[in-house]
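Results of the structural survey
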Amino acid sequence: MALRTIVTEGDSVLHKHCRPVTSFDGRLHELIDDMRETLLEADGVGLAAPQVGVLRRVVLVLETNVPEGGEPYIIELVNPEITACEGGQTGPEGCLSVPGRFGLVTRPMTVTVRAQDRDGKAFELSGTGITARAFCHEVDHLDGIMFTELASRMLTDEELETGSWQEDAE
Ligand code: ZN
């Protein structure tokens, strides 16, 4: 495994459309393993392949909604598609490719995704709250969409610290 460099805002790779994965081979496994290491090192909740410069439909999302005493774990999604959304949430959203900046983004509260695992086996799962937000955010990356394009506005450090953005979210 190796750490990969996370590209940041301004790099054109973040605005490109990613191709589906067709070979579930050692090369894909290496990419996913490297992305896992990179995500954990960066302390993020999600990472998409284009963020490490690879234009393939692969994303990782950290599931933090775990039972008390449980450890968060990484969900690997290959060729993910959002199949259902429910409810809504408005809150601060950030991105490892946009370090230090957060914007107010509205997302569904619950999101169901259909994807394949690293060996090509299809599965479907749902996430709520921050996990639902991360599913949407990461799948958007595969179509070259950045959260900064969706944010109703960007937040100041003060708004983040005091939580005063909540007045706008109601
Ligand atoms: Zn991102």
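Scroll up for the structure.
Here is what the cut-offs are and how they apply
Residues numbered from 1 in each chain as written. Predicted model: local features only at pLDDT ≥ 70, side-chain atom pairs only at ≥ 80, totals over all residues. Heavy atoms only, no water. Helix = DSSP H or I, 4+ residues; strand = E, 2+ residues; numbered from the N terminus. Rg over C-alpha atoms; globule rule 2.2 N^0.38 Å. Buried < 20%, exposed > 50% of the residue type's maximum accessible area, 1.4 Å probe, protein only. Contact = heavy atoms within 4.5 Å. Areas by Shrake-Rupley, 256 points an atom, 1.4 Å probe, with all protein chains shown as cover. Donors = N, O, S within 2.8 Å, 3.2 Å for Na, K, Ca; no water. Salt bridge = Lys/Arg side-chain N within 4 Å of Asp/Glu carboxyl O. Pairing = 2+ DSSP bridges. Axes fitted to C-alpha atoms, helices over the stretch in contact; angles between N-to-C directions.

**Here's the deal with the overall build of the chain**
Secondary structure summary: the chain contains 5 helices and 8 strands in total. Taking 15 Å as the expected radius of gyration for a compact globule of 170 residues, we find that the chain reaches 16 Å, a close match to that expectation. In terms of overall dimensions, the chain has C-alpha extents of about 50 × 35 × 30 Å along its principal axes. Counting over 170 residues, the chain shows a buried share of 42%. When contacts within the chain are restricted to residue pairs at least 6 apart in sequence, long-range pairs at least 24 apart make up 65% of them. As presented, the chain carries roughly 8700 Å² of accessible surface, and 48% of it is formed by carbon and sulfur atoms.

**Overview of the coordination of the zinc ion**
The coordination sphere of the zinc ion contains the protein donors C95 (SG), H137 (NE2) and H141 (NE2), at a distance range of 2.0 to 2.2 Å. Expressed as a motif, the donor residue spacing for the zinc ion is C-x41-H-x3-H. Of this pair, H137 and H141 both sit in helix α2 (residues 130-142), 4 residues apart, which is roughly one turn of that helix. Take H137: its relative accessible area is 7%, and that puts it in the buried class.

**Concerning the pattern of salt bridges**
By the definition in use, this model includes 10 salt bridges. Between D33 and R118 there is a salt bridge, with its nearest N and O atoms 2.8 Å apart. Taken together, the positions of D33 in helix α1 (residues 26-42) and R118 in the loop between β6 (110-116) and β7 (122-128) put the pair 85 residues apart, joining distant regions of the chain. One network of salt bridges, in which partners are shared, links D33, R36, E76 and R118.

**Re the sheet that holds β7**
Spatially, β1-β2-β3-β6-β7 is the arrangement adopted by the 5 strands of the open sheet, whose pairing is antiparallel. Where the open sheet ends on each side, the last strands, each with one partner, are β1 (46-48) and β7. In this sheet, neighbouring strand axes are inclined to one another by 40 degrees on average, regardless of whether the strands run parallel or antiparallel. Contacts from α1 reach β1, β2 (58-63) and β3 (73-86), with the element oriented near 40 degrees to β2.

**Remarks on the sheet that holds strand β4 (residues 89-93)**
Taking strand neighbours across the sheet as the criterion, the 3 strands line up as β4-β5-β8 in an open arrangement whose pairing is antiparallel. Edge positions in the sheet fall to β4 and β8 (153-154), since each has one partner strand and no second. One ladder, built from 5 bridges, connects β4 with strand β5 (residues 103-107); its direction is antiparallel. Residue G91 lies in a different strand from β5, and its bridge partner there is V105. α2 rests against β4 and β5 of the sheet, and its axis sits at about 65 degrees to β4.

Purely geometric stuff here, so don't read any function into it on its own.
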